[in-house]
Amino acid sequence: MNENNKTWSGRFNEPVSELVKRYTASVEFDQRLAPFDIQGSLAHANMLAAQGIISRDDLTAIEQGLSQIREEIQNNEFVWSLDLEDVHLNIEKRLTSLVGDAGKRLHTGRSRNDQVATDIRLFMRTAIDEIIVLIRAMQSALLDLAQQHIHTIMPGFTHLQVAQPVSFAHHLMAYFEMLKRDTGRLQDCRVRTNQLPLGAAALAGTSYPIDREYTARLLGFDGVCENSLDAVSDRDFAIEFNASAALIMTHLSRLSEELILWMTPAFGFIQLADRFCTGSSIMPQKKNPDVPELVRGKTGRVNGHLIALLTLMKAQPLAYNKDNQEDKEPLFDTVDTVIDTLRIYTDMLSGIQVNAQNMRRSALRGHATATDLADYLVKKGIPFRDAHEIVARTVQHAEHMQCELSELNLNDLQQFSAEVASDIFDFLTLEGSMSSRNHTGGTAPEQIQAAIQRARSWLANP
Ligand code: ARG
């Protein structure tokens, strides 16, 4: 080995500077891929032995060496070296020092290009599976909360103005749907992630008689990447994953925004458990919703990572380019952020205190049942546009009287339309308004109960 001491530096006349070494190395962050790198190497070595490319003895030595390395890493005894650039070369070098020539044979028919692509796919697959489990846990927490609040009435908003009364459970179930789509997107992305790049070698394939399907089976991949150039350079799956993650964060950010609003005294709809809030160092009365605020804030970094990955790929000629090394930090941070956020959210939901009275009071302000009056008139034969006009004038009158539409008496109401009879009060109440929206997807309690039931059986059997 030459004095540069780099695995690949045989043809180089001068060593890289310290700065260049640090600039080009990835070991500080990609050591996280070590378990997947070892998993991939074990499968590759098994395939090489099965094909007679390396001997059974070499395979045994490689297996023993790699299992020792796995332990060293787990016990924090492994010495990572910046000189060895990345996780792959660090492990290979250690393997060689442990088992000699067998270690040097491991890289036969393989390149770091197909190796790293395999590692990231294995990492992504594990992360996707973990995130799906965490989404389900959060969905289950949403269902538990919803079940308690089918009859809790809050104002539904459009333009953040009181629109129509809805059940708090119905509102929560909207987030269940978003998370359900998030799961679907992740599962879809997993299908394309779960294809094996190994065998592509540097870019063109290899002249050894390899069996890629065998390696794929060992690693639990559904198949092999069909084109070697694409195999080493494709990062679509990472972008798709990050896009799905950005949507998960977007959904959680929207819910956070609502929790933050609902927690202000002006709304007073909910309280978060103290363990998700902090106080102010100057204003003693403050209880700040730090966790939802940070969820909203962290959505920015996950969105940023998506743009980083898209930009990383946009000008790369085929096949592998060192640019690709930059895929890891955004991906890792996205995975960590989404996992932490889902975990914390599930816990936070189970500690939410609901102030049903304040929700109800707020739904009673803002003439939330105006549409119900219009619908009532339509059922009496008045065309909808005319009914709309009648109700608008009635609302104007209520405002003038400084009361709510539902507080007007029959005489008042009849001034605007003779069709109004005493049964109108069955519709102008919050409960009446809510129960009348009795179809799939509507806010009637019966429908919400059914939706929760469907959601539970979906969770049990997705
Ligand atoms: N550390 C590199 C990465 O993360 C591994 C692949 C290096 N391949 C190469 N030809 N330099 O992408």
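Residues numbered from 1 in each chain as written. Predicted model: local features only at pLDDT ≥ 70, side-chain atom pairs only at ≥ 80, totals over all residues. Heavy atoms only, no water.

A. Expanded view of the site of the ligand. In the neighbourhood of the ligand, the contacting residues comprise Ser26, Asp30, Asp86, His88, Arg112, Asn113, Val116, Tyr320, Gln325 and Lys328. Within the contact set of the ligand, a nitrogen atom lies 3.0 Å away from a side-chain nitrogen or oxygen of aspartate 86. Residue tyrosine 320 places a side-chain N or O atom 2.4 Å away from an oxygen atom belonging to the ligand. Burial of the ligand by the protein amounts to 86% of the accessible area it has alone, namely 340 Å². For the shell around the ligand, the element with the most residues is helix H7 (residues 112-148), which contributes 3 residues. Along the lines of polarity and charge, the residues of the shell around the ligand split into 2 nonpolar, 4 polar and 4 charged. (Near = heavy atom within 4 Å. Polar contact = N/O pair within 3.5 Å; in protein donor to acceptor, adjacent residues only side chain to side chain. Areas by Shrake-Rupley, 256 points an atom, 1.4 Å probe, with all protein chains shown as cover. Helix = DSSP H or I, 4+ residues; strand = E, 2+ residues; numbered from the N terminus. Nonpolar A, V, L, I, M, F, W, Y, C, P; charged D, E, K, R; others polar.)

B. Examining the pattern of salt bridges more closely. Tallied over the full model, the rule gives 25 salt bridges. Linking glutamate 85 and arginine 112 is a salt bridge whose minimum nitrogen-to-oxygen distance equals 3.1 Å. Residue glutamate 85 is found in the loop between helix H4 (56-74) and helix H5 (87-99), and its partner arginine 112 is found in helix H7; the two are separated by 27 residues along the sequence. As a salt-bridge pair, arginine 185 and aspartate 182 come within 3.0 Å of each other at their nearest N and O atoms. Of this pair, arginine 185 and aspartate 182 both sit in helix H8 (residues 168-193), 3 residues apart, which is roughly one turn of the helix. Residue classification places arginine 185 among the partly exposed residues on the basis of a relative accessible area of 29%. Through salt bridges that share partners, Glu85, Asp86, Arg112 and Lys322 make up one connected network. (Salt bridge = Lys/Arg side-chain N within 4 Å of Asp/Glu carboxyl O. Buried < 20%, exposed > 50% of the residue type's maximum accessible area, 1.4 Å probe, protein only.)

C. Focus on unusual backbone geometry. With an omega dihedral of 0°, the bond running from leucine 318 to alanine 319 counts as a cis peptide bond. Of note in the backbone geometry, asparagine 76 takes a positive phi value of approximately 65° without being a glycine. You can see asparagine 76 is positioned in the loop between H4 and H5. Residue glutamine 402 is not a glycine yet carries a positive backbone phi of 55°. Relative to the helices and strands, glutamine 402 is located in the loop between helix H16 (384-400) and helix H17 (410-414).

D. Up close: H8. Compared with the 38 Å implied by 1.5 Å per residue over 26 residues, the 38 Å span of H8 between its first and last C-alpha is a close match. The backbone nitrogen of alanine 169 has a side-chain oxygen 3.0 Å away, supplied by the residue at the start of H8, namely serine 167. (Expected span 1.5 Å × (residues − 1).)

E. A nonpolar patch on the surface, seen in detail. Residues Trp8, Phe12, Val16 and Val20 make up a contiguous nonpolar surface patch of about 320 Å² in total accessible area. Within the secondary structure, valine 20 is located in helix H1 (residues 18-24). Overall, valine 20 belongs to the partly exposed group, its relative accessible area being 39%. (Patch = residues over 30% accessible without salt bridge, like charges linked within 9 Å, V, L, I, M, F, W, Y side chains within 5 Å.)

F. Representation of the layout of surface pockets within the structure. Empty space within the largest pocket amounts to approximately 450 Å³. Lining of the largest pocket is provided by 20 residues; of these, Gly156, Phe157, His171, Arg254 and Glu258 occupy positions nearest its centre. Secondary structure elements with two or more residues in the lining of the largest pocket: strand S1 (153-158), strand S2 (161-167), H8 and helix H11 (236-263). A class-by-class count of the residues in the lining of the largest pocket yields 10 nonpolar, 6 polar and 4 charged. (1 Å grid on protein atoms, 1.4 Å probe; cavity = no way out; pocket = protein on both sides within 12 Å on 5 of 7 lines; lining within 4 Å. Points joined across faces, edges and corners; volume = space filled by probe spheres on them.)

G. Molecular detail of the packing of aromatic side chains. In the structure shown here, the tally under the stated rule is 9 aromatic pairs. Ring plane angle 35° and centroid distance 6.4 Å describe the contact between tryptophan 262 and phenylalanine 269, whose orientation is recorded as tilted. Given the relative accessible area of 4%, tryptophan 262 is considered buried. On the basis of an interplanar angle of 55° and a centroid distance of 5.6 Å, the ring pair of tyrosine 376 and phenylalanine 427 is categorised as tilted. Taken together, the positions of tyrosine 376 in helix H15 (residues 370-379) and phenylalanine 427 in helix H18 (residues 425-428) put the pair 51 residues apart, joining distant regions of the chain. Note on tyrosine 376: relative accessible area 4%, which makes it buried. Clustering of aromatic rings is evident, with ring pairs tying together Phe157, Phe168, Trp262, Phe267 and Phe269. Here the guanidinium or amino end of arginine 125 rests over the ring plane of phenylalanine 221, the centre of that ring lying 5.2 Å away. (Phe/Tyr/Trp six-rings, centres within 6.5 Å; stacked < 30°, edge-to-face > 60°. Lys NZ or Arg CZ within 6 Å of the ring centre and 35° of its normal.)

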